[in-house]
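Spelled out, the chains give:
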Amino acid sequence: MSDQTCVTGDKIAQNNDCVELIMPAHENMLTLTRLAAAGLLAHVSRDFDMQEDVKSAAAEACYCLMQQPCAYARLKLCFDVGETELTLIISGIEPAKSEKQPESVQKYTDIALCILESMVDSVHISVNDGVIEGFTLKKHIA
């Protein structure tokens, strides 16, 4: 580990590096999402409720990307730890062809927004041509 990315004391060194995870977009990978978030958050904050909220929000955003009519083959998660805020960017990689008829993306964004806003402080949903491309979630670190 370099000095810039090493764990120091109870906090992860604050150097604005992202911790990235790229995984297959399969429902059985949602546990991996939660475990990766848990491992990182254990070093960021001792606030159990905040940890649970971020783990659940990460899994929910991934699930939303997997369930829309134009799903993705892989997902990328980027955890960016600042001094007072955690930013999590979740995006789809390699859009998969789908037999499903495209539905209104508004249905997916409304549901996702409602759920995610109950867990994190800020939610931004990236939509392009009727497809959700990703989420940017922000949570204050206590």
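One can find the structure itself at the top, above this paragraph.
Residues numbered from 1 in each chain as written. Predicted model: local features only at pLDDT ≥ 70, side-chain atom pairs only at ≥ 80, totals over all residues. Heavy atoms only, no water.

A. Structural view of empty space enclosed by the protein. By the definition in use, this model includes one cavity of 30 Å³ or more. In this structure, the largest cavity spans a volume of roughly 30 Å³. In terms of lining residues, the largest cavity is bounded by Val 54, Leu 86, Leu 88, Val 120, Leu 137, Lys 138 and Lys 139. Where the lining of the largest cavity is concerned, the elements lending two or more residues are strand S5 (85–95) and strand S7 (131–140). Of all the elements, S7 adds the most residues to the lining of the largest cavity, at three residues. Here the residues of the lining of the largest cavity sort into five nonpolar, no polar and two charged. (1 Å grid on protein atoms, 1.4 Å probe; cavity = no way out; pocket = protein on both sides within 12 Å on 5 of 7 lines; lining within 4 Å. Points joined across faces, edges and corners; volume = space filled by probe spheres on them. Helix = DSSP H or I, 4+ residues; strand = E, 2+ residues; numbered from the N terminus. Nonpolar A, V, L, I, M, F, W, Y, C, P; charged D, E, K, R; others polar.)

B. Fine view of the packing of helix H1 (residues 30–44) against helix H2 (residues 48–67). In the contact formed by H1 and H2, the axes pass within 9 Å of each other and the chain directions differ by 150 degrees. Classified by the angle between their axes, H1 and H2 sit roughly antiparallel to one another. Between H1 and H2 lies a crossing of right-handed hand. Between H1, through Leu 30, Thr 33, Arg 34, Ala 37, Ala 38, Leu 41 and Ala 42, and H2, the contact on the second element is made entirely by Met 50, Gln 51, Glu 52, Val 54, Lys 55, Ser 56, Ala 58, Ala 59, Cys 62, Tyr 63 and Met 66. (Axes fitted to C-alpha atoms, helices over the stretch in contact; angles between N-to-C directions. Parallel < 35°, antiparallel > 145°, perpendicular 65-115°, else oblique. Left-handed = near helix turned anticlockwise from the far one by under 90°. Contact = heavy atoms within 4.5 Å.)

C. Spotlight on the sheet that holds strand S4 (residues 72–81). Within the open sheet, the five strands sit side by side as S3-S4-S5-S7-S6. Their pairing is antiparallel. The sheet is open, and its two edges are formed by strand S3 (18–24) and strand S6 (122–128), each paired on a single side. In this sheet, neighbouring strand axes are inclined to one another by 15 degrees on average, regardless of whether the strands run parallel or antiparallel. Both S5 and S7 contribute to a ladder of seven bridges, which runs antiparallel. Following the sheet pairing, Glu 85 is matched in S7 by His 140. Contacting S3, S4, S5 and S7, H2 crosses the sheet at an angle of about 175 degrees to S7. (Pairing = 2+ DSSP bridges.)

D. How the structure looks around the state of the cysteines. One pass over the structure, following the stated rule, counts one disulfide. The disulfide that involves Cys 18 links it to Cys 78, with 1.8 Å between the sulfurs. As the torsion about the S-S bond is roughly 125 degrees, the Cys 18-Cys 78 disulfide counts as right-handed. On the criterion of sequence distance, the pair formed by Cys 18 in strand S3 and Cys 78 in strand S4 is long-range, its members being 60 residues apart. Owing to a relative accessible area of 33%, Cys 18 belongs among the partly exposed residues under this scheme. Cys 78 gets classed as buried once you look at its relative accessible area, which sits at 7%. (Disulfide = S-S within 2.5 Å. Buried < 20%, exposed > 50% of the residue type's maximum accessible area, 1.4 Å probe, protein only.)

E. Local environment of the pairing of S4. Alignment of S3 against S4, held across seven bridges, turns out to be antiparallel. Opposite Ile 22, over in S4, you have Lys 76 as the bridge partner. Of the pairings in the sheet, the one linking S4 to S5 comprises nine bridges and is antiparallel in character. Bridge assignment links Leu 75 to a residue of S5, and that residue is Gly 92. In sequence, S4 turns back onto S5 through a hairpin of three residues.

Geometric values such as these leave the question of function open.
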